Amino acid sequence: MDYITKIIGPMLEGAQTTVLLFFICIISSIPLGFLITLMANSKVKPVSWFAHSFIYVMRGTPLLLQMLFFCYGLPVLPVVGEYLIMDRFLAAGLAFVLNYAAYFAEIFRGGLLAVDGGQYEAAKVLGLSKFQTMTRVIIPQMFRVVIPSVSNESITLIKDTALLYAVSVPDLLHYALTAVNRDFSIAPFFIAAVIYLLMTLVLTILFKWLEKKFKFQ
């Protein structure tokens, strides 16, 4: 018990980094993902092409590779590299936001496709503008459809934050592995697993509540 008390402090400090990255990514990538969805559906070809290309690249390459590129690749670019040097947490966070924005964009695209086309016609008959149609009719229905998928991505995000270890950002896994190597004990891995499970449990409960709330609206 004394050993657990000794190592739990640093691990909880690492968990703060994990939670911070999670909130930064969720708050940034969800609206960015929806914007990319709108761009992908744009009738302006260059805009639509850019959005589809962005989604293809970010979903088609490993998140770890993207993190390494932002952390170590950008600084060595010719001419502009010296201006693109960032703190490793910031660089990794940027990779996370862009990567998850691409996944959320596909989720939102599926949600929009799930909304019956008659809803647009009904809104037009009622005299609603395109903005009013999207904000009052389409988005609420889309949100109800995508909640389970957003929930799955959010839980995956919590686990993916462990990739911070690869760029030497002191997160939960970093402190757990440090304790394992220092003390020749696997207990820190079990403690880290419990902390991850608790975080995913909170998310699961939250999204279950959201599903029930919007199911009956």
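This one's a predicted model, so the numbers in the text were calculated from it and none came from an experiment.

Chemist: Which residues make up the overall build of the protein, and what values do they have?
Modeler: Of regular secondary structure, the protein possesses eight helices and zero strands. Of the regular secondary structure in the protein, the N- to C-terminal order runs α-α-α-α-α-α-α-α. Going through the 217 residues of the protein one by one, you find that 39% of them count as buried. Looking at the protein alone, contacts between residues at least 24 apart form 75% of all its contacts between residues at least 6 apart. Summed over its atoms, the accessible surface of the protein is roughly 12,700 Å², and 70% of this surface lies on carbon and sulfur atoms. When the 16 positive and 12 negative side-chain charges of the protein are each reduced to one mean point, those points stand 13 Å apart.

Chemist: An account of helix α3 (residues 63–73) is requested, with residue identities and associated values reported.
Modeler: Taken together, the buried positions of α3 are Leu63, Gln66, Met67, Phe70, Cys71 and Gly73. Against α2 (45–60), α4 (88–114) and α6 (130–160) lie the buried residues of α3.

Chemist: Just give me the short version of the UniProt feature "transmembrane region" (unreviewed entry) in the protein, but keep the residues and values in it.
Modeler: Feature annotation in UniProt places "transmembrane region" (unreviewed entry) on residues 20–41, 53–77, 83–103 and 186–207, given in this structure's numbering. As annotated, residues 53–77 has a helix share of 76% and a strand share of 0%, and its two end C-alpha atoms lie 22 Å apart. Secondary structure within residues 83–103 divides into 76% helix and 0% strand; the distance between the first and last C-alpha atoms comes to 29 Å.

Chemist: A description of the pattern of salt bridges should follow, citing residues and the corresponding values.
Modeler: The tally for this structure, following the rule as stated, stands at three salt bridges. In this structure, Glu106 engages Arg109 in a salt bridge whose closest nitrogen and oxygen atoms are separated by 3.2 Å. Of the two residues, Glu106 and Arg109 are both situated in helix α4; the distance of three residues between them amounts to about one turn of the helix. Overall, Arg109 belongs to the partly exposed group, its relative accessible area being 33%. One salt-bridge network, in which partners are shared between bridges, spans Arg59, Glu106 and Arg109.

Chemist: Would you mind going over helix α8 (residues 187–215) in detail, with residue names and values included?
Modeler: Taking 1.5 Å of rise per residue, the 29 residues of α8 would be expected to cover 42 Å, and the 42 Å separating its terminal C-alpha atoms lies within 8% of that figure. Where the residues of α8 are buried, they touch α1 (2–40), α6 and α7 (172–183).

Chemist: Which residues make up the confidence of the model for the protein, and what values do they have?
Modeler: Taken as a whole, the protein shows an average pLDDT of 90; of its residues, 99% reach a score of 70 or greater. Summarising per-element confidence for the protein, the mean pLDDT is lowest in helix α5 (residues 118–125) (75) and highest in α2 (96).

Chemist: Quick one: what's the story with the environment of Tyr100, residue by residue and with numbers?
Modeler: Within the fold, Tyr100 resides in helix α4. Residue Tyr100 is classed as buried on the basis of its relative accessible area of 2%. Of the polar contacts made by the side chain of Tyr100, one reaches the side chain of Asp160; its length is 2.6 Å.

Chemist: Please provide a residue-by-residue account of the nonpolar core, values included.
Modeler: The biggest cluster of nonpolar side chains holds 60 residues, and the ones touching the most others in it are Met67 and Phe96. Taken together, the elements giving at least two residues each to this core come down to α1, α2, α3, α4, α6, α7 and α8. A total of 14 residues in this core trace back to one element, the largest contributor, which is α4. Leave out the neighbours within four places in its chain, and Phe96 touches Leu21, Cys25, Leu63, Met67, Leu157, Asp160, Thr161 and Leu163.

Thresholds, definitions, all that
- Residues numbered from 1 in each chain as written.
- Predicted model: local features only at pLDDT ≥ 70, side-chain atom pairs only at ≥ 80, totals over all residues.
- Heavy atoms only, no water.
- Helix = DSSP H or I, 4+ residues; strand = E, 2+ residues; numbered from the N terminus.
- Buried < 20%, exposed > 50% of the residue type's maximum accessible area, 1.4 Å probe, protein only.
- Contact = heavy atoms within 4.5 Å.
- Areas by Shrake-Rupley, 256 points an atom, 1.4 Å probe, with all protein chains shown as cover.
- Lys, Arg positive; Asp, Glu negative; His and termini not counted.
- Charge placed at Lys NZ, Arg CZ, Asp CG, Glu CD.
- UniProt positions renumbered as here; feature names shortened; annotations may be inferred.
- Salt bridge = Lys/Arg side-chain N within 4 Å of Asp/Glu carboxyl O.
- Expected span 1.5 Å × (residues − 1).
- pLDDT = per-residue confidence, 0-100.
- Polar contact = N/O pair within 3.5 Å; in protein donor to acceptor, adjacent residues only side chain to side chain.
- Core = buried A, V, L, I, M, F, W, Y, C linked by side-chain atoms within 4.5 Å.

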